[in-house]
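Notes for the structure review
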Amino acid sequence: MSKRLENTKYNIFSGIIGQFIKIGTKFSIRTVIIYYFGAAYLGLDGLFMNVISMLSLAEMGIGDAVCFALYKPLADKDEESISAYMRFYKMVYQVIGVVVLCAGLILIPFLEHIVNLDKALDINYKWMYVLFLFNSVLSYWFGAYRQVLLIADQKMYEINKVNMCQMIIQSVLQIMALILLNNYYIYIIIMLLSNLVKNIYLFFKIGRLYPVVSSKSRIFLSKKNQKSLAKNVYALLITKISTTVYTSSDNLVISAFVGTIIVGYYSNYSYIVSAVTGFISIIFSSVTAGIGNVNANSDPKTLHNVFKKMLLVNHWIYGLCFVCLWQLLTPFVRLWTGNSAYVLADLQIILIVLMFLIPGLNHTCTVFRAACGLFWQTRYRTIVTALINVIVSIVLARHIGLSGVFIGTILAYLLTTFVVDPKVLYREIFHLPCIEFYVWFFQSLLSTIIVAVFCRGLCLLITLEGFGGILYQLIICLIVYNGTFYLLYHNDTRFQYFWIIMKKGIKRNV
């Protein structure tokens, strides 16, 4: 338990620092692109990242399945099983690299049907795409597979440290390429080489930390382990395909039916939301392996108590971020870009932040489902989610444009993931009816929206423009939301549990 908590703290701390660096570097780069190259390049960047995500479906979720399978061998120090899993994973990753490369090259002639740009713009988008493709492919061939060992062993902080160094060096070189050389292609090449160097470094570092992965052992997975892994890989393949279609199809639909330039406008908002989500993911991903360990060693009642505590934290974090994002997204984008053309309509902003909040309130279920290995039970749900999203988004995009794409995404989630995942988790792990979760969800959603509307009304009283106005509005959102949350939950035993931990932490550091 002590080791789990220590590793969790290291993972969260390094992840938060890394996320600050990631946000700072990406913000700087995007600012340079906005002022030196324009929205078309932002749109292509976002579009090609989504296309590459689609191609990465060849990975089939094997990484998640291997990570889950490694929890027990690492806990038991079973080097033979570790060696067998890593040997299998290495072989698969080499094949995946070839598959992604071939699929990516085959797609090149079809790019003209996806990219929707003004023909007057002189952009060789096919060469840009090829560079993005090779950036993805090389990671499969140069040792990225070994990183799953650190993740499963709750040592994500080792990867975070390397990522931080890489991001700083890479961003400095990229900004120089954009400003001094005015060359976007060199910018992508720098990203490619930087990722290659990082993967090679981690390859040798992990080899030193875990000599077992460098052994020439010819140990193969047992029939039992092969069967279990194959079952989870099959379930994760279905899940990964549909999840990637669900998350990556929006930009493709927007580009094809609304315009690639609009992808660039939307990408500024999605970048900010993704940055916030990245911070939150650090906290939850840092405890995932620990939850998996608790699941392997504790009873359902204990795990359910942990789940309920995380629900409270989940509500506080996502609710606070929702209130702040709804109020501050537009003034921040206007200040950042210096151009009102980059600002989206109010309805579109509301839909964007709802796309953040609704899955966010359900995120604890997502984390527990992954940590407890419930891949098989939700395999077909994800297909339905993706299909509804694509069909509804295309239909609505033709009639109401960008807002229709967002509405399709929200409806797809509510009709599938929100209904199925809590039900599976409560039935398979907690052995309890899931009605308590749905009641909690709607109470949390309603209370958060009410607070957000109240904060928005107060912020309308602020007439100050620019950074000062954003700062005042942020202060209002923080005070009102946190004050309301305290009034609602200060008598809750879960709140008191975290309150005591926080006070002990403050005393220890004073």
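This is a predicted model, so every value here is computed, not measured.

Here we take up the environment of Ile 179. The residue Ile 179 is located in helix 7 (residues 156–179) in this model. Separated by 146 residues in sequence, Ile 179 and Ile 33 have C-alpha atoms that sit 9.1 Å apart. Residues in contact with Ile 179, not counting those within four places in the same chain, are Val 32 and Tyr 36.

What follows is about a nonpolar patch on the surface. A cluster of nonpolar side chains, contributed by Tyr 35, Tyr 36, Ile 168, Ile 169, Val 172, Leu 173, Met 176, Ile 179, Leu 180, Leu 181 and Ile 186, occupies part of the molecular surface with about 1,100 Å² of accessible area. Elements supplying a minimum of two residues to the nonpolar patch: helix 1 (2–36) and helix 7. Among the elements that take part in the nonpolar patch, helix 7 stands out by supplying six residues, more than any other. Structurally, Ile 168 can be placed in helix 7. Residue Ile 168 is classed as partly exposed on the basis of its relative accessible area of 42%.

At their nearest, the axes of helix 11 (residues 300–337) and helix 18 (residues 466–489) sit 10 Å apart, and the two run at 160° to each other. The angle between helix 11 and helix 18 places the two elements in the roughly antiparallel class. Crossing handedness for the pair helix 11 and helix 18: right-handed. Residue-level contacts link Leu 312, His 315, Trp 316, Gly 319, Leu 320, Val 323, Cys 324, Gln 327, Leu 328, Pro 331, Phe 332 and Leu 335 of helix 11 to Gly 466, Phe 467, Ile 470, Gln 473, Leu 474, Cys 477, Leu 478, Tyr 481, Asn 482, Phe 485 and Tyr 489 of helix 18. Grouping the constituent residues of the contact of helix 11 with helix 18 by class yields 17 nonpolar, six polar and no charged.

For helix 16 (residues 417–430), built from 14 residues, the straight-helix expectation of 20 Å at 1.5 Å per residue is met to within 8% by its first-to-last C-alpha distance of 18 Å. The set of residues buried in helix 16 consists of Thr 417, Phe 418, Asp 421, Pro 422, Val 424, Leu 425, Tyr 426, Ile 429 and Phe 430. The positive-phi residue at the C-terminal boundary of helix 16 is His 431, with phi of around 60°.

Cut-off values and rules
- Residues numbered from 1 in each chain as written.
- Predicted model: local features only at pLDDT ≥ 70, side-chain atom pairs only at ≥ 80, totals over all residues.
- Heavy atoms only, no water.
- Helix = DSSP H or I, 4+ residues; strand = E, 2+ residues; numbered from the N terminus.
- Contact = heavy atoms within 4.5 Å.
- Patch = residues over 30% accessible without salt bridge, like charges linked within 9 Å, V, L, I, M, F, W, Y side chains within 5 Å.
- Areas by Shrake-Rupley, 256 points an atom, 1.4 Å probe, with all protein chains shown as cover.
- Salt bridge = Lys/Arg side-chain N within 4 Å of Asp/Glu carboxyl O.
- Buried < 20%, exposed > 50% of the residue type's maximum accessible area, 1.4 Å probe, protein only.
- Axes fitted to C-alpha atoms, helices over the stretch in contact; angles between N-to-C directions.
- Parallel < 35°, antiparallel > 145°, perpendicular 65-115°, else oblique.
- Left-handed = near helix turned anticlockwise from the far one by under 90°.
- Nonpolar A, V, L, I, M, F, W, Y, C, P; charged D, E, K, R; others polar.
- Expected span 1.5 Å × (residues − 1).

Just distances and angles here, no functional claims.
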